[in-house]
Amino acid sequence: MTPRFIPLQEIRGISLVFWRDVGSAALTVRMLRIQPLIWTGSYNEAVHKAIMVTKNLPLERTNLLISQRDQIFDAFRRWGHLQADLDPLGQYLIPDPIPELSFEGEEAEEARNYYCATIGVEFMHIPDPAKREWIQERMEQAAAKPNQLQILERLTQADLFEQVIQSRYLGTKRFSLEGVTVLIPFLDEVLNRAAELGAEKSVMGMSHRGRLNVMANTFGKSPADIFSKFEDANPRSILGGGDVKYHVGATGQFVTRSGSTMGLHLVSNPSHLEAVDPVAMGRARAQQVRFGEDGQSKVLPVLIHGDAAFAGQGIWAETLGLGTIPGYTVGGTIQIIVNNLIGFTADPDEAYSSRFSSDIGKRLPIPIFHVNAEDTDAAVRVAAMAVEYRYTFHTDVIIDLIGYRRHGHSEVDDPTITQPLRYAKIKNHPPLYEFYAQKIGADPSPRVKELQVQLAEAQKQAVQMKKRVALAKFPDYWSNYSGGPYKSEYEVDTALSAASIKEISDSLTSYPRDFHIHPKIKKLLEQRREMGRGERVFDYGMAEALAFGSLLFQGTPVRLSGQDSQRGTFNQRHSVLVDIEDEQVYIPLEHLSPTQARFEVYNSILSEAGVLGFEYGYSRDYPEALVLWEAQFGDFANGAQIIIDQFIASGEDKWGLLSAVVMLLPHGYEGQGPEHSSARLERYLQLAAHDNIQICQPSTAAQYFHLLRRQAMRKWRKPLIVFTPKSMLRNPDASSPIASFEQSRFLNVLPETEVQNVKRLLLCTGKIGHELRIERAKRKDSTTGIVFLEQLYPWPEAELAAEVARHPEAREVIWVQEEPDNMGALSFVVPRLRRLLPDRKVLSIKRSAAASPATGSAKAHDMEQKTLISLALRDETK
Ligand SMILES: Cc1ncc(C[n+]2csc(CCOP(=O)(O)OP(=O)(O)O)c2C)c(N)n1
């Protein structure tokens, strides 16, 4: 028989031919008189090899032979997941007809068993052959039998927990895990395997679905505690504060199968789906840094998602993008989709534009395992594989546990209204523990009875628990810090001696002898050195470097990230020097002294929500560090609004959790258009209550220096929102002499110092104050006082009252702002001034109300600004 010659594909003149074995390939070669390249590896490798060899070979007569077994397996590795049995109810993920898989025979059967059973794996998009082979090898072998009795026990616990709540608290929201209770034995295997590979802790982020179940069954929280939340035992203790039971965080201990314990932390989570992802990652990273070199092995991050949220939420896409970026990597996260094939009432085809909810994950070279959540043994097998993969290759792994949802979205919803057929089917579908017991031939009923008794007992205890269960206990590294209301005892001396300033400045303006510095940076460093010696006034860039340097010297780590933060958007920072001959970098702040603390500065990915969430998370587990996030322009921070609203502003109120994260928001009206003018001060002021955050706008370089040092050095841990300058960065009016660093501290109010006989008092914050001063000098105005409000929140009432009292003749106190009437600090400040100064006339000057913060025309801006300033400096204010 003449072998047929069927080129599968042509690559640069090479025919790729799949053949059953090398012997018959050789025969073909002889018969067709071609000059072959024989290759029996996988299809991908053959293609790769073909491309490589064509560089050196005469092309027309070159052919490549691959065995048919490889061809078959290759097709199943590539497409098998599309024919896998993944949907327990068989409604949505119906196996697709795939022509590439229409093989028959023994080899096809074998491949089908590996790739089209209850595990479907997507991994052929990973370019690294070592990673593909790793998965291939594990998929193409018989599965080991797990401890099935133990698994049955865990499934029974998980299902019974939900059933008991369902019967005791009918119609109360809990977001049952039923339909995907496989999560509990799955997590067991993840944690056990991770512990075997060196993990001592796991930081987990998850949303509502199954959260209470995980708290009870994975974290070991007592069911009585959890049930007491259903009793809502002591509402008076949390009037106006606290959070719902399925959002609060938890700490716990997991006892591994070898008897060791692993610390678990479940990150507090707002309702906003996926918002917790970057926060959990930042927390994990901070904990890894605390461990030192081995940190990535010691702390395993796990994120648990819903299928609709995984596909839909942008913040998750941003977080996924942090994967292997040096400043943010956590060495791989186990990403679990608790996939019930529904999002509230939306079906998968309404929730995602692709077959799988997980498809966004394919943008990264990471594996995605889909598992039928009714094959618990398969899920446990995948759990072990996923963790081993993470520990081998240090990347994320996605596991899509595909099940169903037994009840409505919450237990108050009736799902038969929107998915009647589905829920008719689910009604008669046995719970997973029953299904599993049947599979392994065990009788679960005695254990079911026992658990029912235990859980009923726990519920009785819960009814009697009158006290509200205490909020999270902080780790020891929080013991030196406080939250709550501001107290004057939190003030600290932030001045530095001239000798220290010189010493620090000298090191942060030095670089190795053989470093080829850019001429502009050379000059900048020379000038900074002069500043440090008191020979030149300090600008903001140097004030910030000095603040960082002094803190590092004192042992306070500093971590700054944001887009282009190494250089600084306004060319002001230059924290990383680049050698102009070989692009090697040198970071002076890392070379201050052998005992200094860790300095990190990163150019972040182009994300706001993801990166700010990460830094907030980092600050939660590194209270000793100064952790800063910088927006490129302050306006862009609204891309991170969820993190600001749900964590930074309200985390302490809802969860009792503190953070001293710093947000640097470039702000100021300079004619750069609607999106490069305002950092939306009004938004932060609206979020301010109960001393939850600090909102400041330092108007001089020294004020900025003292503010940063105050934030790091005081024991009071509160987020700090700083409105930072742009044009004022190098402006002499905002520069400071060395003396301002040697004495004093951050002043919440900068008093009027030049004018003695003040008749009108202008009150403002930031750049406009300097512009008013310049214009006042031009006009030789000797009766208008200008006072800067440097801290807007907590409202510095006493300092302000004292300053106004120094100007008894000033009958008018006028708030001047660049922003339109409906923006800026006006609606926050003016009512407070009126209450504080009942015997003075309180007025305001601002742009007229507008829908966008600023004009798009630089000339229109100039005209507006002139009008604003001249209105402020005239008497006829209305
Ligand atoms: C950002 C955000 N948008 C909308 C909601 C309202 N919401 C709560 S749960 C839910 C459906 C979530 O579906 P899925 O992610 O599949 O998780 P499941 O509840 O099915 O486990 C929606 C839309 C929310 N909590 N957060």
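The structure under discussion appears in the preceding block.
An account of the accompanying structure is given in this report. (Residues numbered from 1 in each chain as written. Predicted model: local features only at pLDDT ≥ 70, side-chain atom pairs only at ≥ 80, totals over all residues. Heavy atoms only, no water.)

### Quick word on the pattern of salt bridges
Within this structure, the stated rule accounts for 48 salt bridges. The shortest N-O distance in the salt bridge between aspartate 294 and lysine 298 comes to 3.9 Å. A salt bridge links glutamate 600 to arginine 598; the nearest nitrogen and oxygen atoms lie 3.1 Å apart. The class of arginine 598 is partly exposed, set by a relative accessible area of 40%. A cluster of three or more residues bridged by salt bridges with shared partners is formed by Glu189, Arg193, Glu196, Arg257 and Glu388. (Salt bridge = Lys/Arg side-chain N within 4 Å of Asp/Glu carboxyl O. Buried < 20%, exposed > 50% of the residue type's maximum accessible area, 1.4 Å probe, protein only.)

### Side note on the packing of helix 28 (residues 767–778) against helix 31 (residues 858–872)
Between helix 28 and helix 31, whose axes approach to 10 Å, the crossing angle comes to 65°. The orientation of helix 28 with respect to helix 31, classified from their angle, is roughly perpendicular. The two elements helix 28 and helix 31 meet at a crossing, and its hand is right-handed. Taking contact as the criterion, the partners of Lys767, Ile768, Glu771, Leu772 and Glu775 in helix 28 are, on helix 31, Gln865, Leu868, Ile869 and Ala872. Looking at side-chain class alone, the contact of helix 28 with helix 31 contains five nonpolar, one polar and three charged residues. (Axes fitted to C-alpha atoms, helices over the stretch in contact; angles between N-to-C directions. Helix = DSSP H or I, 4+ residues; strand = E, 2+ residues; numbered from the N terminus. Parallel < 35°, antiparallel > 145°, perpendicular 65-115°, else oblique. Left-handed = near helix turned anticlockwise from the far one by under 90°. Contact = heavy atoms within 4.5 Å. Nonpolar A, V, L, I, M, F, W, Y, C, P; charged D, E, K, R; others polar.)

### A word on the sheet that holds strand 19 (residues 694–696)
Spatial strand order, 16-13-17-18-20-19-24: seven strands in an open sheet with mixed pairing. Each of the sheet's edge strands pairs with one partner strand only, and the pair in question is strand 16 (599–603) and strand 24 (791–793). For this sheet the average axis-to-axis angle between neighbouring strands, irrespective of direction, equals 20°. As judged from the five bridges shared by strand 13 (residues 558–562) and strand 16, these two strands associate in the parallel manner. Each bridged residue has a counterpart across the sheet, and for glycine 562 the counterpart in strand 16 is asparagine 603. Across the sheet, helix 22 (residues 609–620) lies against strand 13, strand 16, strand 17 (626–630) and strand 18 (662–666), angled at about 170° from strand 17, the strand it touches most. (Pairing = 2+ DSSP bridges.)

### What about the site of the ligand?
The full set close to the ligand counts 15 residues, and His208, Arg209, Ser271, Asp307 and Ala309 are the nearest of them. With respect to the ligand, the side chain of histidine 208 contributes an N or O atom lying 2.8 Å from an oxygen atom. Serine 271 places a polar main-chain atom, nitrogen or oxygen, 2.8 Å from a nitrogen atom of the ligand. Relative to its unbound accessible area of 570 Å², the ligand is 76% covered by the protein chains. (Near = heavy atom within 4 Å. Polar contact = N/O pair within 3.5 Å; in protein donor to acceptor, adjacent residues only side chain to side chain. Areas by Shrake-Rupley, 256 points an atom, 1.4 Å probe, with all protein chains shown as cover.)

### Describing the environment of lysine 859
When you line up the elements, lysine 859 lands in helix 31. The class of lysine 859 is exposed, set by a relative accessible area of 67%. Separated by 427 residues in sequence, lysine 859 and leucine 432 have C-alpha atoms that sit 69 Å apart.

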